[in-house]
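What follows is the residue order along each chain.
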Amino acid sequence: PLYCPLVVDGVEGKASSGRRFKRENPADIRQVGTVAEEGTQADARAAIDAARAAFDTNAGNWIYNYKLREQTLLRTAQLIRANADRLARVVSLEVGMPMRQAVPHVGAAADVFEFYAGLAGKLYGESFTLPSGSMINLVKEPVGVVGMITPWNFPLTQTARKVAPALAAGCTIVIKPASYTPAATYELVKLILETSIPRGVLNLVPGPGNVVGAEIIASKKVDKISFTGETGTGKRIGAQAGMEVKRVSLELGGKAPYVIFDDAEVDAAARAAVFGMFRNAGQACGATTRLLVQEGIHDRFLQRVVQLTQKIEVGPPSRPSTDMGPLISQNQERVVQEFIRYGVDKGFHLVTGGHKLEGDGWDHGYYVEPTIFDHVDNASRLGQEEIFGPVVAVTTFRDEAEAVELANAVDFGLVAGVWSADYPRALRVARRIRAGTVWIWDNYAQPVEGIWGGYKQSGMGRELGYHGLNDFIEIKQIFTDGTGLAMKPPYGQVIKE
């Protein structure tokens with residue numbers, strides 16, 4: 001099995017309780033995939049203390065030596081690429097992600113570190129002189145100790161999107177990895193620790209969210225929380241952080257619409273849709289979960305989508321030909337099957353899929369067919385709730401106004417897609433959809449130079465790009481008197497002489 005220790009103050013160790021937890025292989029539950037130390041409240045506090053001390057003492061001149069931070073990030077990118085095959089296999093084993101997807105996932109994580117290495121030395125401030133001769137300097141400083149709670153579906157890139165900009169800014173970090181993927185997160189942390197990063201800057205504590213995560217969120221020694229995960233959990237974290245007036249960024253759920261107009265190029269739009277629908281078995285906050293199709297193109301478009309979907313090979317993630325692997329857990333499989341039963345019971349048209357796969361190669365894993373429902377009421381649970389699995393709802397619309405109305409008629413606003421040969425219309429619709437990212441003529445493109453984050457209940461804050469760096473920065477004004485006067489004019493409001 002893979003293994004995940006604690007990493008506190010630069011030292012790998014065991015949980016103070018002596019307990020460990022196991023993670024099964026989702027492709028074959030007869031195998032133990034990962035054994036991890038079960039961190040305690042005391043372990044979380046030790047990691048927070050290490051991060052706090054490293055920040056408050058400016059360990060290794062971490063806060064001010066941007067060259068050190070730049071070299072740490074660049075070296076991490078190099079190490080990720082040098083260990084890409086091993087990292088991809090770890091991700092594939094823990095997540096059930098096909099190797100064909102795990103390999104580019106690793107490359108994307110390296111890209112993130114490389115990008116922020118280029119920004120570490122470019123945190124320029126501002127300065128200007130007042131008519132009095134006094135000077136205002138606006139300087140950028142790291143927010144401090146950051147508690148990170150990371151998700152399981154894309155463990156390397158999602159962790160990289162938080163860690164790389166935080167390190168570029170000069171922060172110190174405590175990570176609570178998802179309990180499904182602690183080893184993948186540890187493997188990344190281990191590579192970062194091979195660089196010149198000072199002790200205590202980066203810490204890792206696996207364990208239960210209601211123990212380790214709760215301590216990180218509650219601690220007054222933590223200046224900011226960065227969380228990616230389920231919306232309900234994010235709301236509770238946001239509420240608690242608000243009571244402490246603690247900085248928080250939340251990357252939460254989605255219910256992404258993909259709007260297909262009558263003039264869309266059918267084959268290209270269908271391929272993009274299927275990629276967004278079933279990548280990582282639909283276990284993605286930005287997955288295409290709603291196909292909004294104009295009436296005139298509905299039959300042709302859906303026929304092509306179904307043709308492509310039925311060619312998807314579901315199987316062991318290690319097999320080179322596998323297109324879609326298992327779901328992450330028994331609980332996630334149960335949730336997906338409940339949604340499928342709901343769709344059938346509501347009378348929505350089950351176009352393809354809908355079953356748990358059985359037989360050789362499937363019996364011991366969490367395998368569910370790619371599933372498409374047609375004629376789905378957008379107000380129903382299939383149209384409104386995040387499923388986090390390979391289940392897609394198709395709904396038709398008459399005109400542009402209805403398309404926008406349907407796209408926005410959910411609580412989420414993470415991503416969306418628009419496909420039309422009429423670019424002014426596509427751009428107009430993209431502007432009217434309330435989502436953090438809207439793709440035109442593509443799907444699930446995530447360049448590090450862009451952003452990731454959502455409107456409404458999809459969260460707050462942005463990851464990637466320069467905006468991702470700003471989430472870990474405070475702005476400070478330093479005012480310097482330039483008058484040289486002992487008795488300045490405003491002082492006369494209080495002082496008589």
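Residues numbered from 1 in each chain as written. Predicted model: local features only at pLDDT ≥ 70, side-chain atom pairs only at ≥ 80, totals over all residues. Heavy atoms only, no water.

### Some details on the overall build of the chain
Line of reasoning, step 1. The secondary structure content of the chain amounts to 15 helices and 23 strands.
Line of reasoning, step 2. Computed over its C-alpha atoms, the radius of gyration of the chain comes to 25 Å, within 12% of the 23 Å expected for a compact globule of 497 residues.
Line of reasoning, step 3. For the C-alpha atoms alone, the extent of the chain along its principal axes is close to 85 × 55 × 40 Å.
Line of reasoning, step 4. By residue count, 57% of the 497 residues in the chain fall in the buried class.
Line of reasoning, step 5. Residue pairs in contact within the chain that sit at least 24 positions apart in sequence constitute 73% of those at least 6 positions apart.
Line of reasoning, step 6. Approximately 20,300 Å² of the chain is accessible, and the part contributed by carbon and sulfur atoms is 52%. (Helix = DSSP H or I, 4+ residues; strand = E, 2+ residues; numbered from the N terminus. Rg over C-alpha atoms; globule rule 2.2 N^0.38 Å. Buried < 20%, exposed > 50% of the residue type's maximum accessible area, 1.4 Å probe, protein only. Contact = heavy atoms within 4.5 Å. Areas by Shrake-Rupley, 256 points an atom, 1.4 Å probe, with all protein chains shown as cover.)

### Focus: the packing of aromatic side chains
Line of reasoning, step 1. What the rule picks out here adds up to 8 aromatic pairs.
Line of reasoning, step 2. When the ring of Trp152 is compared with that of Tyr180, the centres are 6.0 Å apart and the planes differ by 75°; the resulting orientation is edge-to-face. Highlighted residues: Trp152 in the loop between strand 8 (145-149) and helix 5 (155-169) and Tyr180 in the loop between strand 9 (172-176) and helix 6 (182-193), separated in sequence by 28 residues.
Line of reasoning, step 3. For Tyr180, a relative accessible area of 27% puts it in the partly exposed group.
Line of reasoning, step 4. Over the ring of Phe472 we find Lys224, and its NZ or CZ is 5.4 Å from the ring centre. (Phe/Tyr/Trp six-rings, centres within 6.5 Å; stacked < 30°, edge-to-face > 60°. Lys NZ or Arg CZ within 6 Å of the ring centre and 35° of its normal.)

### Focus on unusual backbone geometry
Line of reasoning, step 1. Of note, the phi angle at Asn58 is positive, near 55°, even though the residue is not glycine.
Line of reasoning, step 2. Positive phi outside glycine occurs at Tyr444, with the angle close to 55°.
Line of reasoning, step 3. Among the residues examined, Tyr444 registers a relative accessible area of 7% and is labelled buried.

### Details of the sheet that holds strand 6 (residues 126-129)
Line of reasoning, step 1. One open sheet accounts for 3 strands, arranged 6-7-23; its pairing is antiparallel. Bordering the open sheet on either side are strand 6 and strand 23 (473-480), each of which pairs with just one other strand. Neighbour to neighbour, the strand axes of the sheet diverge by 20° on average, direction disregarded. (Pairing = 2+ DSSP bridges. Axes fitted to C-alpha atoms, helices over the stretch in contact; angles between N-to-C directions.)

### Topic: the nonpolar core
Line of reasoning, step 1. Judged by nonpolar contacts, the single largest core of 75 residues is most densely connected at Leu73, Ile80, Phe113 and Leu167.
Line of reasoning, step 2. Contact partners of Phe113, with chain neighbours within four places excluded, come to Leu73, Thr76, Ala77, Ile80, Ala160, Val163, Ala164, Leu188 and Ile192. (Core = buried A, V, L, I, M, F, W, Y, C linked by side-chain atoms within 4.5 Å.)

### What about the environment of Leu156?
Line of reasoning, step 1. Relative to the assigned elements, Leu156 resides in helix 5.
Line of reasoning, step 2. Judged by relative accessible area, which is 1%, Leu156 ranks as buried.
Line of reasoning, step 3. With 138 residues separating them along the chain, Leu156 and Gln294 place their C-alpha atoms 37 Å apart.

### A look at the environment of Ala51
Line of reasoning, step 1. Looking at the secondary structure, you find Ala51 in helix 1 (residues 41-56).
Line of reasoning, step 2. With 120 residues separating them along the chain, Ala51 and Cys171 place their C-alpha atoms 8.9 Å apart.
Line of reasoning, step 3. Non-local contacts of Ala51, meaning those with residues more than four positions away in its chain, are made with Val145, Thr172, Ile173, Val174, Gly200 and Asn203.

### Some words on helix 4 (residues 99-117)
Line of reasoning, step 1. Compared with the 27 Å implied by 1.5 Å per residue over 19 residues, the 27 Å span of helix 4 between its first and last C-alpha is a close match.
Line of reasoning, step 2. Taken together, the buried positions of helix 4 are Met99, Gln101, Ala102, His105, Val106, Ala109, Ala110, Val112, Phe113, Tyr116 and Ala117.
Line of reasoning, step 3. As for helix 4, its buried residues are in contact with helix 2 (66-82), helix 3 (84-95), helix 5, helix 6 and helix 15 (465-470). (Expected span 1.5 Å × (residues − 1).)

### Details of the environment of Ile451
Line of reasoning, step 1. For Ile451, the position within the fold is in the loop between strand 20 (437-440) and strand 21 (455-456).
Line of reasoning, step 2. Residue classification places Ile451 among the partly exposed residues on the basis of a relative accessible area of 30%.
Line of reasoning, step 3. A sequence separation of 379 residues divides Ile451 from Thr72, and the C-alpha atoms of the two residues are 23 Å apart.
Line of reasoning, step 4. Among all residues touching Ile451, those that are not within four sequence positions of it are Gly436, Thr437, Arg462, Glu463, Leu464 and His467.

### Examining the sheet that holds strand 13 (residues 256-260)
Where strands meet in a sheet, backbone hydrogen bonds hold them as pairs that are either parallel or antiparallel.
Line of reasoning, step 1. Read from one edge to the other, the open sheet built from 7 strands follows the order 15-16-17-14-13-19-20, with strand pairing classed as mixed. Each edge of the sheet is formed by a strand with only one pairing partner; in this case those strands are strand 15 (349-352) and strand 20. Geometrically, the sheet is characterised by an average inter-axis angle of 25° between neighbouring strands, direction not taken into account.
Line of reasoning, step 2. Here 3 bridges tie strand 13 to strand 19 (residues 415-419), and the two strands are oriented parallel to one another. The partner of Ile260 across the bridge, within strand 19, is Trp419.

### Focus: the pairing of strand 6
Line of reasoning, step 1. Here strand 6 runs beside strand 7 (residues 135-142); their pairing, made up of 4 bridges, is antiparallel. Considered in strand 7, the bridge of Glu126 is made with Leu138.
Line of reasoning, step 2. What sits between strand 6 and strand 7 in their antiparallel hairpin is a turn of 5 residues, with Gly133 showing a positive phi close to 95°.

### Describing the pattern of salt bridges
Line of reasoning, step 1. Counting across every chain of the model gives 31 salt bridges.
Line of reasoning, step 2. The closest approach of N and O atoms between Glu38 and Arg19, which form a salt bridge, is 3.6 Å. Of this pair, Glu38 sits in the loop between strand 5 (28-37) and helix 1 while Arg19 sits in the loop between strand 3 (11-13) and strand 4 (20-25); the two residues are 19 residues apart in sequence, bridging distant segments of the chain.
Line of reasoning, step 3. Residue classification places Glu38 among the buried positions, given a relative accessible area of 18%.
Line of reasoning, step 4. With its nearest N and O atoms 2.8 Å apart, the salt bridge here joins Glu463 to Lys162. Here Lys162 lies in helix 5 and Glu463 lies in the loop between strand 22 (459-460) and helix 15, a separation of 301 residues in the sequence.
Line of reasoning, step 5. In this structure Lys162 comes out as buried when scored by relative accessible area, which is 1%.
Line of reasoning, step 6. Salt bridges sharing partners connect three or more residues here, namely Arg52, Asp56 and Asp223. (Salt bridge = Lys/Arg side-chain N within 4 Å of Asp/Glu carboxyl O.)

### Observations regarding the packing of helix 2 against helix 4
Line of reasoning, step 1. At a minimum axis distance of 8 Å, the contact between helix 2 and helix 4 shows a crossing angle of 165°. As the angle between them shows, helix 2 and helix 4 are arranged roughly antiparallel. For the element pair helix 2 and helix 4, the recorded crossing hand is left-handed. Facing Glu70, Leu73, Leu74, Thr76, Ala77, Ile80 and Arg81 of helix 2, the residues of helix 4 in contact are Val106, Ala109, Ala110, Asp111, Phe113, Glu114, Tyr116 and Ala117.
Line of reasoning, step 2. Looking at the contact of helix 2 with helix 4 residue by residue, the class counts come to 10 nonpolar, 1 polar and 4 charged. (Parallel < 35°, antiparallel > 145°, perpendicular 65-115°, else oblique. Left-handed = near helix turned anticlockwise from the far one by under 90°. Nonpolar A, V, L, I, M, F, W, Y, C, P; charged D, E, K, R; others polar.)

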